[in-house]
Amino acid sequence: MQKRLFLTGTALAALTLVAPHAMAQSDTFKIGLILPMTGQQATTGRQIEAAAKLYMAQNGDMIAGKKVQLIVKDDTSIPDVTKRIAQELVVNEKVNVLAGMGITPSALATAAIATQSKTPLVVMAAATSSITEASPYVVRTSFTLPQASVALADWAPKNGIKKVVTLVSDYGPGIDAEKFFKERLAFNGGQVTESLRVPLRNPDFAPFLQKVRDLKPDALFVFVPSGAGAAVMKQFLERGMDKAGIKLIGTGDITDDDQLNDMGDGALGVVTSHHYSAAHPSAVNKKFVEAFKKANNNLRPNFMAVGGYDGMRVIYEAIKATKGQGGGDALLAAMKGQIFESPRGPMYIDAQTRDVVQNIYLRKVERKDGQLYNIEFDVIKDVKDPGKAR
Ligand code: DHB
């Protein structure tokens, strides 16, 4: 009896310790995609999930002998939840890669888990400069706010905009945008006369916009996260700020392709700087936009979608390069230095910083084929994150 029990126990232990893991490791490659699928940042999750699924539909789910499995989890954009889900995915699901990260606090909360478990963390949305420094396992395919903001601060004073008030969401990316825009504008002979910050959660822009109206700058520079742009635009126009001679400028988050076409003619002429426009005139982008719309009930892809699509590309190519046998360190090494043509244009993952290097475009909202688009009119090529040089 005792012997039998012992044997059973040993066999069980052997099974639980070896068999399931070995099987999982040899057959499947798991990507834990953590996104805000509900709540204030839900459009980010919807866009990235759709793009990741499109990438898999176009490229298959068998790569280097592995079956790629996408595990999508909703973190509701609460960083403690992101962290708990990441822990579960690493410990229980044994994911090979963590990905997603809709907002900066979620990425920062997950960075230590990536480091401890040596799991690559592909950041597809969050855009505060410092995120890549929070873990050596972070690789970014979105953008950084310093990248986008500096380009606009170079453009503005050459176009009659000298005095600017900034209005940003009061957290990582907003503070980056404010700082880098302000410093560069001053360097170019302009001036930020007032810097306003609004809360990330449920912001009421009205009192801030009233203040801007009273200050009467040449322009208002805005950063708000994806999904909040339409509310700013609406209140800006309702207050007649454009008629009072105040121009609206900002990073492309404000004229987000997810919302732009519903903003109305008041958005026409708004100049922004960013890394992606659905109207980017390249064959690769036309194909991407068409396929994305077809698969998603005519939804237009935005910059979040492109971050997700390219993030999947970076993961797939790393699986191929490591012949499906790579652990976290080998996968990470294979992600560094990848260079390719994205729907946004050419880009690469800087091997030293693990951050994205890409073109930043100046764009103006125009009507094209009956719809509102960010039409690119200038480009600054191969922009590295200016936040890294400090
Ligand atoms: C971040 C989130 C966004 O929705 C965005 O457009 C830019 C940055 C962030 O939290 O890092």
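Up top is the structure these notes are about.
Bear in mind the structure is a predicted one, so any value in this text is a computation, not a measurement.

Caption draft 1: How the structure looks around the overall build of the protein chain. The helix and strand tally for the protein chain stands at twelve helices and 15 strands. Relative to the 2.2 N^0.38 estimate, which gives 21 Å for 390 residues, the radius of gyration of the protein chain is 22 Å and therefore close to what a compact globule would have. C-alpha extents for the protein chain along the principal axes are approximately 90 × 40 × 40 Å. Taking all 390 residues of the protein chain together, 55% fall into the buried category. Long-range contacts, defined here as pairs at least 24 residues apart, represent 68% of the contacts in the protein chain between residues at least 6 apart.

Caption draft 2: Geometry of the sheet that holds strand β2 (residues 62–63). Spatially, the six strands line up as an open sheet ordered β2-β3-β1-β4-β5-β6, and their pairing is mixed. Each edge of the sheet is formed by a strand with only one pairing partner; in this case those strands are β2 and β6 (138–140). Against the sheet, helix α5 (residues 104–117) engages β4 (97–100) and β5 (121–123), with an angle of about 160° to β5.

Caption draft 3: Representation of the pairing of strand β3 (residues 66–74). Here strand β1 (residues 28–35) pairs with β3 via eight bridges, running parallel. Bridge pairing in β3 places T28 opposite K67. One ladder, built from two bridges, connects β2 with β3; its direction is antiparallel. Residue pairing in the sheet places M62 in a bridge with K67 of β3. Once β2 ends, the chain turns through two residues before running back antiparallel as β3, passing A64 with a positive phi of about 50°.

Caption draft 4: View of the pattern of salt bridges. On inspection of all chains with the given rule, the structure shows 19 salt bridges. With a shortest N-O distance of 2.8 Å, R184 and D154 are connected by a salt bridge. Residue R184 is located in helix α7 (residues 172–187), and its partner D154 is located in helix α6 (residues 145–155); the two are separated by 30 residues in the primary sequence. Several salt bridges converge on common partners, so that one network encompasses R140, D355, D385 and K388.

Caption draft 5: Focus on the packing of aromatic side chains. Under the defined criterion, the tally for this structure stands at eight aromatic pairs. Considering the side-chain rings of Y55 and Y316, the 5.0 Å spacing of their centres and the 85° angle between planes classify their relative orientation as edge-to-face. A residue pair is termed long-range when its members are at least 10 positions apart, and Y55 in helix α3 (residues 42–59) and Y316 in helix α11 (residues 303–321) qualify at 261 residues. The exposure classification of Y55 matches that of Y316, with both residues buried. Ring centres of F288 and F292 lie 5.9 Å apart, and the angle between their planes is 50°; this geometry places the pair in the tilted category. Here the residue F288 and the residue F292 both occupy positions in helix α10 (residues 283–295), the gap between them amounting to four residues, near one helical turn.

Caption draft 6: How the structure looks around the site of the ligand. Around the ligand there are 14 residues in total, and T104, A127, Y171, S226 and D253 lie nearest to it. Contact between the ligand and A127: an oxygen atom at 2.8 Å from a main-chain N or O atom of the residue. Between an oxygen atom of the ligand and a side-chain N or O atom of D253, the distance comes to 2.5 Å. In isolation the ligand exposes 290 Å². Once the protein is present, 100% of that is buried.

About the thresholds
- Residues numbered from 1 in each chain as written.
- Predicted model: local features only at pLDDT ≥ 70, side-chain atom pairs only at ≥ 80, totals over all residues.
- Heavy atoms only, no water.
- Helix = DSSP H or I, 4+ residues; strand = E, 2+ residues; numbered from the N terminus.
- Rg over C-alpha atoms; globule rule 2.2 N^0.38 Å.
- Buried < 20%, exposed > 50% of the residue type's maximum accessible area, 1.4 Å probe, protein only.
- Contact = heavy atoms within 4.5 Å.
- Pairing = 2+ DSSP bridges.
- Axes fitted to C-alpha atoms, helices over the stretch in contact; angles between N-to-C directions.
- Salt bridge = Lys/Arg side-chain N within 4 Å of Asp/Glu carboxyl O.
- Phe/Tyr/Trp six-rings, centres within 6.5 Å; stacked < 30°, edge-to-face > 60°.
- Near = heavy atom within 4 Å.
- Polar contact = N/O pair within 3.5 Å; in protein donor to acceptor, adjacent residues only side chain to side chain.
- Areas by Shrake-Rupley, 256 points an atom, 1.4 Å probe, with all protein chains shown as cover.

So, to be careful, I would describe these as geometric facts and stop short of saying anything about function.
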